[in-house]
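Each chain, letter by letter, is given below.
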Amino acid sequence: MQIRLIRSATLTVELAEIRLLIDPWLAGKGEGRSYSGRGPSPLVDLPVPISELLQGIDAVLISHLHSDHFDETAQQVLPKSTPILCHARDRVAIQRIGFDDVRAIGDGLTLGAVNIRTTEGRHGPPDVLDDMGEVSGFLISAAGEPTLYWAGDTILCPEVEAVLADERLQVVVVHGCGAIWNGKGPLVMDLAMLARTLELVDPVHVVVTHLDAVDHATVSRSDIVTAAETWPGPARLHVPSDGETLSFE
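Residues numbered from 1 in each chain as written. Predicted model: local features only at pLDDT ≥ 70, side-chain atom pairs only at ≥ 80, totals over all residues. Heavy atoms only, no water.

Asker: What am I meant to see in the overall build of the protein here?
Answerer: What the protein contains, in helices and strands, is seven helices and 14 strands. Along the longest, intermediate and shortest principal axes, the C-alpha atoms of the protein span 45 × 45 × 35 Å. Among the 249 residues that make up the protein, the fraction classed as buried is 55%. Across the protein, the fraction of contacts at a sequence separation of at least 24, relative to all contacts at a separation of at least 6, is 62%. (Helix = DSSP H or I, 4+ residues; strand = E, 2+ residues; numbered from the N terminus. Buried < 20%, exposed > 50% of the residue type's maximum accessible area, 1.4 Å probe, protein only. Contact = heavy atoms within 4.5 Å.)

Asker: Where do I start with the side chain of His123 in this structure?
Answerer: Tracing the backbone shows His123 in the loop between β8 (114-120) and α4 (129-132). Here the side chain of His123 touches Asp153 through a polar contact of 3.0 Å, side chain to side chain. For His123, the side chain forms a polar contact with the main-chain oxygen of Leu187, separated by 3.0 Å. The residues contacting His123, other than those within four sequence positions of it, are His64, His66, Val128, Leu129, Met132, Gly133, Val135, Asp153, Leu187 and Val188. (Polar contact = N/O pair within 3.5 Å; in protein donor to acceptor, adjacent residues only side chain to side chain.)

Asker: What exactly am I supposed to notice about the layout of surface pockets here?
Answerer: Gaps left between atoms are located by rolling a probe of water-molecule size over the structure's atoms. Roughly 200 Å³ of volume is contained in the largest pocket. Tyr35, His66, Asp68, Met132 and His216 are the residues nearest the centre of the largest pocket, which is lined by 16 residues in total. Its residues assigned to classes, the lining of the largest pocket shows seven nonpolar, five polar and four charged. (1 Å grid on protein atoms, 1.4 Å probe; cavity = no way out; pocket = protein on both sides within 12 Å on 5 of 7 lines; lining within 4 Å. Points joined across faces, edges and corners; volume = space filled by probe spheres on them. Nonpolar A, V, L, I, M, F, W, Y, C, P; charged D, E, K, R; others polar.)

Asker: Where do I start with the pattern of salt bridges in this structure?
Answerer: One pass over the structure, following the stated rule, counts 10 salt bridges. Here Arg89 and Glu120 are joined by a salt bridge, their closest N and O atoms 3.6 Å apart. Placement of the pair is Arg89 in the loop between β5 (84-86) and α3 (91-97) and Glu120 in strand β8, with a sequence separation of 31 residues. Accessibility expressed as a relative area gives 29% for Arg89, which makes it partly exposed. (Salt bridge = Lys/Arg side-chain N within 4 Å of Asp/Glu carboxyl O.)

Below is the structure:
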């Protein structure tokens, strides 16, 4: 399995001869919205041209419809025939954008030899959930490949803890920028939640993404690297740079 971080939550996953693109946020630097009023996001450019990124994509996974996970640029440049895999609640909205092949993942969807299931999460504490709406993550597996849990835009909550406890995982991808909304949050994991996740999944690899790209973040890559010096199992923690590829067996 190869996981390539593109930027923020956007990444590609290659396993069992299938190449997936997850949550494409493809706007140029500063071409999106501001989430805190400090300045327009994304804060950095894409590390690769969009044309290169889209080569060989077999399907696109969409966790939810926030603008930093499926933006207007992605909606315009992706061929409308591209298979879009999503939670059932988002299927009609994505069809209305004009995509022809929108598939609700539900409890299990097969693409080639790859099986994908959705998982649930909480996009922050109770006082922001009306604004944030519902989100999902993905369990991705194939024979002879590591099992991947991409948790999505969620804090560490009972739904996430249940997946960590009940599934036989080898790789977990979490969002760790500790973003806030109108002074409330975090909307995704912060440092304390990341440390606790490492404790819960020993000896599973943990990859932290959704960093250094949105203006409402409170945690950076450097913050995580510094804090991790005192965390359990730091060798299992991966904080990739934009464009970096990680391989797992």
